[in-house]
Amino acid sequence: SFTWIDDLQALPDFPFFIDKKADPANWEYKSLYRGDIARYKRKGNSSLGLNPKTQHITWADSTSEKKKSAKVPDRYFAKACRLLLSAEGFPVLPCAEGPNRGLPSPSVGFIPISECSAEAVGSDAAPAWINPLGIYDASTSLWLQGKGQPEQDKSQAGNPPAQTALAAKVEEFNRKLRENPGDAQTWMEFVRFQDELTNRPNPFTVTESESERGKKSLKVTLEKKIAILDRAIESNAGSVELKLARLELCKELWEPSTLLKEWKKLVFLHPNNTELWKQYLLFSQSQFSTFTVSKVNSIYGKCLTTLSAVHDGCMVSHPSLPGTEEALLAIFLQQCQFLRQTGHSEKAVSLFQAILDFTFFKPDSVKDMTTRQQVEFFEPFWDCGEPRVGERGARGWMSWMRQQERGGWLIPNEPDDDDEDLEDDTEVKDKTLPKWQIWLDVEASRETRHWLPWRPDKSKGQSEEDCEDPDRQVLFDDIGSSMIRLLSPELRFQLLCSFLQFLDIPGERSYSSPFWSVALDHRSILDGGSEAAERPLTSVHLNHVGVSPIGHMTTLDGAKKYSGLCKQGEEFVQNVFEQMMPLFAPEEKSLLSLYWLQYEKLKVIKCLLNKNKKRLKWQGKRSKKLAKKLLKEPENRNSLALWREFAHTEWLIGNTDDSRKVFDTAIATGLGQGLQSADLCELCLLYAQLEVEAMDGAAVVGAGSPAVYILTKLAEGGSYTGYSGQLPPVSILKARKVYENAFVSLLTEVEKVADGSVCAGWPMRVVGLVGCFALFQYLTVGIEAANHVYRQAVQMMSEVWTEESPNAWTGPSALEKLTLMQAELLRFHTRAHVFPLGPLRDSLTAALRLFPGSHSLWKLYVQVENKCHNASRARRWGKMRYQYLFVDHIWNTVCDSGLGFPLHISLSFLGWCVRADFGDVHSTIPENGLSNRIRVLFEHAVESDNGTHCPLLWRLYMHFLVSQGDADRSRGIFYRALQHIPWVKGLYMDAVAHFPERVQEYMDLMTEKELRLRVPMEEVDVLLED
């Protein structure tokens, strides 16, 4: 039996036994089982009892002497080699004598390197017997002499030039901050400099091995930056920029609840800083873990209430800063867009209704009160049930208060209009579709019909209990805290224009701000390819802002079945115009009439694109009726802009003869104003462009062209009759001379802009006159003459053009319009004639350098380069501009250009790469890595400062990955997007369309975050049963 030796009482003489049972494993394997072999660790290589001087043991398994691996030379991508790229070079020049010292002789084809003089060697030069051939360097010569290098030289030799430069920069930063600790900009530069230190070896490490291990983790770098900012804030307690940078860095380290507390503390200390409030609002609505619609909406109300108190002067401790009133309106509009994107369209519309009543119909008795006191008087009007702005019979807050003193009034029943209703009210049109598809259709249908807040109809005996969906009712508690007071007439007019744009009514004036990228959620900014193909010259008049209109909440690839709004929506728009226009001056009333007519023209264009002839005929009658009604108004009878839109609408409908009559009548009316009238020039230019497009490839050059006739009569002045035939050559020569004189005179006036001696409105005069002159030169001389006119005008305008402030309410500048018109004319010529693309490409690249935020220019550039088989040029140039915008984060320099949306560059570039058809994708050509390149572009875009909160970028990214068949990665992008834009309902609808197996999960998530869910899945089951 087996017994342990420790268990024996007396140790036997032979305490072992022989195992006679053989172990077959010892035969099968070459050695004993490692568990049966006693292991020990040897201390040293010697053995006891041996003489170390004469005896030695060689251990076969010695591990103390490790074999040193030979060092492999560094490759080009190693860190040591990459450092050489950023190191400053030391030029080697010959030591020539004379005035041209250091410069090579022009007759020599290379730069000779002469021998160093004796003075250059220095006093420590080696003797001739040590270095007879002069081939040893200084360190080798010292070694041959038995000398060592000085300590200073050793330290300098141990550090490469790049590390020495970094150490010098650090010392320079330390010196500046020690001398001037109150310089916040230097502190910020020092914080950004930490990224450069992190990506390179530390110049202050002791050994080379420590330098190799010097690549710090992201967490260590963030902690170092936060420590620097903490020291900076101690010396700059009032710097909001430093505190914002600290909170931005703490996002990666702190819990959301802790971060939210710090934000609340910061806005409490600086309640009058509008930029800080904007950052706080963006942070609150982008934190997925703490986000709910009601919570963020209450923060918006608190922000507007606080800033209103500051603006009124009620907060004595914090005075109002410049630009507070503009910021109030901007934050209010941002709140309305936030509510629209969450699906709460009723609350957004009610906010606009309330602010319009609160601003334009305010009683005189409360105008001198503070905003808070005015809101208290406004609440009874809101709750009384009287009609509001946009509703039938609305008279306003002022009239209601006056009438209350007389006993109130009764609202008579007004019959509905007898207009033909072309809408189909059937919600479930095909019950064979999957349930998730039916839910998407019904949800989008109800969003289209139910975006107006529900009000009980007293004439029908309705009460609040009759509302089937309680969320359609908006209480005063939902909107009361967001009321603001606007005193500036310009901002009051801009408020109304913003509401009209919210209702999908076009307008040239739009708000430009880096924060406005959060509103971009519609692919209309990438559309326009078919429009440009059918109307190559006049498509410049079509604007796409990229913001989804009210009532059109759907998936990214969901097509609108009709143009405009629903029947109740169209009536609402008409009431808004009729109720608000009498409150403005004649000039502003004419501008509102122009916007209304442009809205009708936009609906006609959408009918043409959808190829709905029945809808087009019905819409054409409405547009014509409205145009005649507006032109009968006294302030609009001589408005050439309105006549232009009316004639253009008739042309689009197909009534070209009627359109020509309207054009001829308008020209005959205003021809006496001559070339000094910008409206007349734009009218004639549009008329001539339409005639050129109507030729459809026929000869448009020559005296017999109708376009030449129109432009010649414009230059001649006097009386005007319709086109009657070919003009005599003398008339064309006289017209050219008139154009040249007017052009030179206008350029002379432009030079005086800096002196302020030019009257307002000169930019539009430049656009109209230059456009007419260039088109006249193109039709009578050639494309080179027209291009020369544009180049002269652009060059002169570029010298006097100044960028506007980022918070300005502006439209496209005159210089941007000129560059776009030049590119459109060149592209039209290249399509109709054999002409190189060089001039067109050069004009577009030059224009994009001036306006890198113009989505129209980028779209045109991509369309032109897309037809070339060699895409390397466009890819290289686009990558350069792309890095200029996204990698360097210089949004502030481009956010005010074009329509004010800096993301238009990436959206245009990426959208056309995705092939913005949004249909089925059929791969017939190998990609050759193109999909990877596009994915990298998307990653750069969504990681940028403003791109990370842009809904359209994330939705395009998801759609692209799904079209590539990569559903798993697309699902990951969806969850990444939720961390940055959790408030966008369209994102959830895209996820339902792409991943229908998880529809219930996404609906539960929408309910948890309080997004507007109009149709629960249980109601879909009921609709299917019915």
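Placed above this text is the structure.
Being a predicted model, the structure only gives us computed values, none of them experimental. Residue numbers run consecutively from 1 along every chain, following the written order of its sequence. Note on the predicted model: pLDDT of at least 70 is required for a residue's local features to be given, and 80 or more for side-chain atom pairs to be given and counted; whole-chain, interface and lining totals, by contrast, use all residues. Note: side-chain values were computed over all heavy atoms of the structure, leaving out hydrogens and water.

Notes on the overall build of the chain
Stage number 1. In terms of helices and strands, the chain carries 42 helices and two strands.
Stage number 2. Residue contacts are defined here by distance: any two heavy atoms, one from each residue, within 4.5 Å place the two residues in contact. Taking the intrachain contacts of the chain between residues at least 6 apart in sequence as the baseline, contacts between residues at least 24 apart amount to 68%. By definition, any uninterrupted DSSP run of H or I lasting at least four residues is a helix, any uninterrupted run of E lasting at least two residues is a strand, and each is numbered from the N terminus.

Regarding the state of the cysteines
Stage number 1. Sulfur atoms of two cysteines make up a disulfide when they are within 2.5 Å. Counted according to the given criterion, the structure contains zero disulfides.
Stage number 2. A disulfide-free cysteine, C772 has its sulfur positioned 4.8 Å from the sulfur of C681, the nearest such atom.

Overview of a positive patch on the surface
Stage number 1. Think of a patch as exposed residues, more than 30% relative accessible area, with no salt bridge, where like charges cluster within 9 Å and nonpolar side chains (Val, Leu, Ile, Met, Phe, Trp, Tyr) cluster within 5 Å. Working definition of accessibility: Shrake-Rupley area with a 1.4 Å probe, residue cover restricted to the visible protein chains. Definition used for salt bridges: Asp or Glu carboxyl oxygen within 4 Å of a side-chain nitrogen of Lys or Arg. His is not counted here, nor are the chain ends, while Lys and Arg score as positive and Asp and Glu score as negative. Lys charges are placed at NZ, Arg charges at CZ, Asp charges at CG and Glu charges at CD. Positive charge collects at one region of the surface, where K261, K264, K295 and K302 lie side by side.
Stage number 2. Structurally, K302 can be placed in helix α13 (residues 293–312).
Stage number 3. On the basis of relative accessible area, K302 is assigned to the exposed category, the value being 55%. For the exposure calls, accessible area comes from a 1.4 Å probe over protein chains only, and a residue counts as buried if that area is under 20% of its type's maximum, exposed if over 50%, partly exposed in between.

Section: the side chain of R388
Stage number 1. With respect to the element layout, R388 can be found in the loop between α16 (371–383) and α17 (397–404).
Stage number 2. Comment: no salt bridge for buried R388; closest opposite-charge side chain is E391, at 5.0 Å.
Stage number 3. Here a polar contact is recorded for every N or O atom pair within 3.5 Å, except that within protein the pair must consist of a potential hydrogen donor and a potential acceptor, and residues adjacent in sequence are included only if both atoms are side-chain atoms. Here the side chain of R388 touches W382 through a polar contact of 3.1 Å, landing on its backbone oxygen.
Stage number 4. Contacts of R388, omitting those with residues within four sequence positions, involve Q353, D357, W382, A394, R455 and Q579.

Section: a negative patch on the surface
Stage number 1. The grouping of E376, E379, D383, E464, E465, D466 and D477 at the surface amounts to a negative patch.
Stage number 2. The element that contributes the greatest number of residues to the negative patch is α16, accounting for three residues.
Stage number 3. Mapping D466 onto the fold places it in the loop between α18 (435–449) and α19 (476–479).

Examining helix α30 (residues 762–780)
Stage number 1. Over its 19 residues, α30 extends 27 Å from the first C-alpha to the last, a length consistent with the 27 Å expected when each residue adds 1.5 Å.
Stage number 2. Of all 19 residues that make up α30, 16 are buried, and the element is covered over most of its length.
Stage number 3. Where α30 terminates, the next one or two residues include G782, which has phi positive at roughly 160 degrees. Each residue after the first adds 1.5 Å to the expected span of a helix.

A word on helix α24 (residues 613–631)
Stage number 1. Its 19 residues give α24 an end-to-end C-alpha distance of 27 Å, which sits within 8% of 27 Å, the value for a rise of 1.5 Å per residue.
Stage number 2. As for α24, its buried residues are in contact with α23 (586–610) and α25 (640–653).
Stage number 3. Where α24 begins, the capping side chain belongs to N612, and its oxygen is found 3.4 Å from the backbone nitrogen of K614.

Details of the packing of α25 against helix α27 (residues 678–695)
Stage number 1. Remark: α25 packs on α27, axes separated minimally by 9 Å, with the N-to-C direction vectors making an angle of 15 degrees. One finds that α25 runs roughly parallel with respect to α27. You can see that α25 and α27 cross each other, and the crossing is left-handed. On α27, the residues touching L640, R644, H648 and W651 of α25 are D679, L680, E682, L683, L686, Y687, L690, E691 and A694.
Stage number 2. When its residues are assigned to classes, the contact of α25 with α27 shows eight nonpolar, one polar and four charged. Only the stretch in contact is used when a helix axis is fitted, and all axes are lines through C-alpha atoms; the angle between N-to-C directions ranges over 0 to 180 degrees. Each angle receives one of four descriptions, namely roughly parallel if under 35 degrees, roughly antiparallel if over 145, roughly perpendicular if within 65 to 115, and oblique otherwise. Here a crossing is called left-handed whenever its near helix is offset anticlockwise from the far helix by less than a right angle, and right-handed whenever the offset is clockwise. Residues are grouped as follows: nonpolar covers Ala, Val, Leu, Ile, Met, Phe, Trp, Tyr, Cys and Pro; charged covers Asp, Glu, Lys and Arg; every other residue, Gly included, is treated as polar.

Concerning the side chain of R1012
Stage number 1. As for its placement among the helices and strands, R1012 is situated in the loop between α41 (999–1008) and α42 (1017–1025).
Stage number 2. In this structure R1012 comes out as buried when scored by relative accessible area, which is 2%.
Stage number 3. There is a polar contact of 2.8 Å between the side chain of R1012 and the side chain of D469.
Stage number 4. If near-sequence neighbours (up to four positions away) are discounted, R1012 is found in contact with T342, G343, H344, E346, E443, D469, D471, R472, K985 and M1006.

Re the packing of helix α29 (residues 729–751) against helix α31 (residues 783–800)
Stage number 1. Contact geometry for α29 and α31: axes closest at 9 Å, N-to-C directions at 15 degrees. By the angle between their directions, the pair α29 and α31 is classed as roughly parallel. Crossing hand, α29 versus α31: left-handed. Residues F743, L747, V750 and E751 of α29 lie in contact with α31, whose contacting residues are V789, Q792, A793, M796, M797 and V800.
Stage number 2. Of the residues that constitute the contact of α29 with α31, the class distribution is eight nonpolar, one polar and one charged.

Description of the pattern of salt bridges
Stage number 1. Taken as a whole and judged by the stated rule, the model has 37 salt bridges.
Stage number 2. Here R1012 and D469 are joined by a salt bridge, their closest N and O atoms 2.8 Å apart. In this pair, R1012 sits in the loop between α41 and α42 while D469 sits in the loop between α18 and α19, placing the two residues 543 residues apart along the sequence.
Stage number 3. When the shortest N-O distance is used, the salt bridge between D471 and R1012 registers 3.8 Å. A residue pair is termed long-range when its members are at least 10 positions apart, and D471 in the loop between α18 and α19 and R1012 in the loop between α41 and α42 qualify at 541 residues.
Stage number 4. Salt bridges sharing partners connect three or more residues here, namely E346, E447, D469, D471, R1012 and R1014.

What about a nonpolar patch on the surface?
Stage number 1. A surface patch of nonpolar side chains, about 610 Å² in accessible area, is lined by L133, I135, Y136, W143 and L144.
Stage number 2. Locating Y136 in the fold gives a position in the loop between α3 (118–121) and α4 (138–144).

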